[in-house]
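Results of the structural survey
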Amino acid sequence: MEEATWTTESGRNILVRILLILEMTMLALLLPTMNSSPSDFVPDDQLASSEFADIPDPEFNSRLNRMVWQDREGNLWLASLDPISGEIIPSDGKALLLSTKLAPISSTCNGPEWVYGSIIPTVVYSLAPTNVSPISVAVSTYSGRWKETLESRAAWRPMGSSADSNDRKILFAKYNPTGNLIAWKRVVDDVEQSIKLSTTFARWAQDGGDFFIALHTIEEVQQVVAVHATDGSLIAITLDSENKTTAIAWRAQEYPEDWTIAALTELNTIAIFSFFNQKRVHEFTIPTAKATLLSLEVFVHAGNSYLVTSAVDGTEPGICGAMPLGTSEIWIAGINPNAPFFRRVDSPARSTLKTEPEIYTRGPETLIYFNELINDKYTVRKARTGFFNGN
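Residues numbered from 1 in each chain as written. Predicted model: local features only at pLDDT ≥ 70, side-chain atom pairs only at ≥ 80, totals over all residues. Heavy atoms only, no water.

**Thoughts on the nonpolar core**
One recurring pattern in soluble globular proteins: nonpolar side chains tend to sit buried together. Counting 18 residues, the largest nonpolar core has Trp250, Ile270, Ile272 and Leu307 as the members making the most contacts within it. Within the residue set of this core, elements represented by two or more residues are strand 19 (244-250), strand 20 (260-265), strand 21 (269-274), strand 23 (292-301), strand 24 (304-318) and strand 25 (321-334). With three residues, the top contributor of residues to this core is strand 23. Counting residues in each nonpolar core, the second largest holds 16 residues, with Ala205, Val224, Ala226 and Ala249 among its members. (Core = buried A, V, L, I, M, F, W, Y, C linked by side-chain atoms within 4.5 Å. Buried < 20%, exposed > 50% of the residue type's maximum accessible area, 1.4 Å probe, protein only. Helix = DSSP H or I, 4+ residues; strand = E, 2+ residues; numbered from the N terminus.)

**Considerations on the packing of aromatic side chains**
Going through the model one piece at a time under the given rule, you end up with 15 aromatic pairs. Plain terms: the ring middles of Trp204 and Phe212 are 5.7 Å apart, the flat faces sit at 80 degrees to each other, and that makes the pair edge-to-face. Here Trp204 and Phe212 have matching classes, each one buried. A network of ring pairs unites the aromatic residues Phe211, Trp259, Phe275 and Phe276 as a single cluster. Positioned above the aromatic ring of Trp259 is the side chain of Arg251, whose terminal nitrogen or guanidinium carbon lies 4.5 Å from the ring centre. For the cation-ring pair, Arg343 lies above Phe41, with the distance from its terminal atom to the ring centre recorded as 4.3 Å. (Phe/Tyr/Trp six-rings, centres within 6.5 Å; stacked < 30°, edge-to-face > 60°. Lys NZ or Arg CZ within 6 Å of the ring centre and 35° of its normal.)

**Considerations on unusual backbone geometry**
Between Ile89 and the following residue, Pro90, the backbone shows a cis peptide bond with an omega angle of -10 degrees. Relative to the helices and strands, Pro90 is located in the loop between strand 5 (88-89) and strand 6 (96-99). The phi dihedral of Asn65 falls on the positive side, at around 55 degrees, and the residue is not glycine. You can see Asn65 is positioned in the loop between strand 2 (59-61) and strand 3 (66-70). On the basis of relative accessible area, Asn65 is assigned to the buried category, the value being 10%.

**Some details on the state of the cysteines**
What we call a disulfide is simply a covalent bond connecting the sulfur atoms of a pair of cysteines. Evaluation of the coordinates by the stated rule reveals one disulfide. Across the disulfide from Cys109 sits Cys320; the S-S distance is 2.2 Å. The sign of the -85 degrees torsion about the S-S bond sets the Cys109-Cys320 disulfide as left-handed. You can see Cys109 sitting in the loop between helix 2 (105-108) and strand 7 (113-115) and its partner Cys320 sitting in the loop between strand 24 and strand 25, a full 211 residues away along the chain. (Disulfide = S-S within 2.5 Å.)

**With respect to the environment of Thr100**
Mapped onto the elements, Thr100 comes out in the loop between strand 6 and helix 2. Separated by 30 residues in sequence, Thr100 and Gln70 place their C-alpha atoms 8.9 Å apart. Ignoring any residue separated from it by four or fewer positions in sequence, one finds Thr100 in contact with Gly74, Asn75 and Leu127. (Contact = heavy atoms within 4.5 Å.)

**Focus on the side chain of Ser347**
When you line up the elements, Ser347 lands in the loop between strand 26 (342-344) and strand 27 (353-360). Those residues in contact with Ser347, other than ones at most four positions away along the chain, are Pro43, Asp45 and Lys354.

**Focus on the environment of Arg344**
With respect to the helices and strands, the residue Arg344 is situated in strand 26. According to the relative accessible area criterion, Arg344 is buried, its value standing at 18%. Residues Arg344 and Trp331 lie 13 residues apart in sequence; the distance between their C-alpha atoms is 4.4 Å. Excluding anything up to four places from it in sequence, Arg344 contacts Phe41, Pro43, Ser328, Glu329, Ile330, Trp331 and Lys354. For Arg344, the side chain forms a polar contact with the side chain of Glu329, separated by 3.4 Å. (Polar contact = N/O pair within 3.5 Å; in protein donor to acceptor, adjacent residues only side chain to side chain.)

**Side note on the pattern of salt bridges**
Across all of its chains, the model carries 20 salt bridges by this definition. Here Arg280 ties to Asp240 by a salt bridge, and the two come within 2.5 Å at their closest N and O atoms. Taken together, the positions of Arg280 in strand 22 (residues 280-284) and Asp240 in the loop between strand 18 (234-236) and strand 19 put the pair 40 residues apart, joining distant regions of the chain. Across the pair Glu329 and Arg344 runs a salt bridge, and its minimum N-O distance is 3.4 Å. A residue pair is termed long-range when its members are at least 10 positions apart, and Glu329 in strand 25 and Arg344 in strand 26 qualify at 15 residues. Per residue, the accessibility class of Glu329 equals that of Arg344, and both read buried. (Salt bridge = Lys/Arg side-chain N within 4 Å of Asp/Glu carboxyl O.)

**Comments concerning the sheet that holds strand 10 (residues 146-153)**
As summarised here, the arrangement of the four strands in space is 7-8-9-10, forming an open sheet in which the pairing is antiparallel. The open sheet terminates on both sides in strands that have one partner only, identified here as strand 7 and strand 10. Between one strand and the next, the sheet's axes are offset by a mean angle of 30 degrees, whatever the strand orientation. Where strand 9 (residues 136-142) lies against strand 10, seven bridges are found, and the strand directions are antiparallel. Bridged to Ser136 within strand 10 is Arg153. (Pairing = 2+ DSSP bridges. Axes fitted to C-alpha atoms, helices over the stretch in contact; angles between N-to-C directions.)

**A word on the sheet that holds strand 1 (residues 45-47)**
The strand order across the open sheet formed by four strands is 1-29-28-27, and the pairing between neighbours is antiparallel. The open sheet has two free edges, formed respectively by strand 1 and strand 27, since each of these has just one partner strand. Ignoring which end each strand starts from, the neighbouring axes of this sheet average 30 degrees apart. Alignment of strand 27 against strand 28 (residues 365-374), held across six bridges, turns out to be antiparallel. For Lys354, the partnering residue across the bridge sits in strand 28 and is Glu372.

Written out as structure tokens, the structure reads:
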């Protein structure tokens, strides 16, 4: 383990790595920027970590080529990403120890998260309760060295602002005797706001939106709502009869006049909603024999929006909601109703449980990282997508 400085690669490898990056950059310029057709694509995934590693729920930062995660002993780790191969450096993910005594993911339902909105690298996470402090939310920030700061007590499950945010903001669940509270604040700011909701799921809008979306029960149906960060006002985005299990908000060029909300409905359909009109504008299902969809991420390539999800055999109830069972697949789906696009990116030869898909866009080709559960350990694998980032 290295001391807590930002550099995690040895000096003797820097020149070799620079030459490799230059070579691959020239190659990338020759690669097509449009994705290959679905019929030409062959799913292929490889280990990004060591086969002996145990790295549950890692989070990836494409801008910094870094990965952050917490181990089962409550230690917070930082690792590097090779921008060409996508491999984790070092392969066990333990390049730099940032913090200790984190609350277990099994109780907080979420691991550490990157916080965007500043050039200052920032990670937010939950600290385990002690004799003098309840479970708490803290951040580690880098300015020459990493420094930990307590942000809120009696709080857990934090989420950081998205990559295009104009300020570093966090939101998190907050203990309240009368029900769930979702609270939010700027990093290193004493002003904290909150709202009472029926679930603890919430995530910031992407592309600079000053609001977050959450799940909230309205007339016995779990719906998607949006909460404005300035005044805490709430807007119901969905009001139909289907329960929603997760959602994400961003600016999609397919619907340029509006914010776009994608949601998983009844665990098997992806629905697209208009923010301003609160109407369903599109819906589709993934062409898989798997029974259930879990998780939802988005990336944009050549002006087109693509969702990433995992399709699993089934689920069982757990403290953190629906828990995956059996084996699973990782899929990409386009949202354009006039150009349907579906692509499975994990290798069909590996019939295993694959979860937590995450997107990495820094290298010559966009990659999808995911956890694979083998013998009660979570290795990290990387899947090709066929979406090249040459220009």
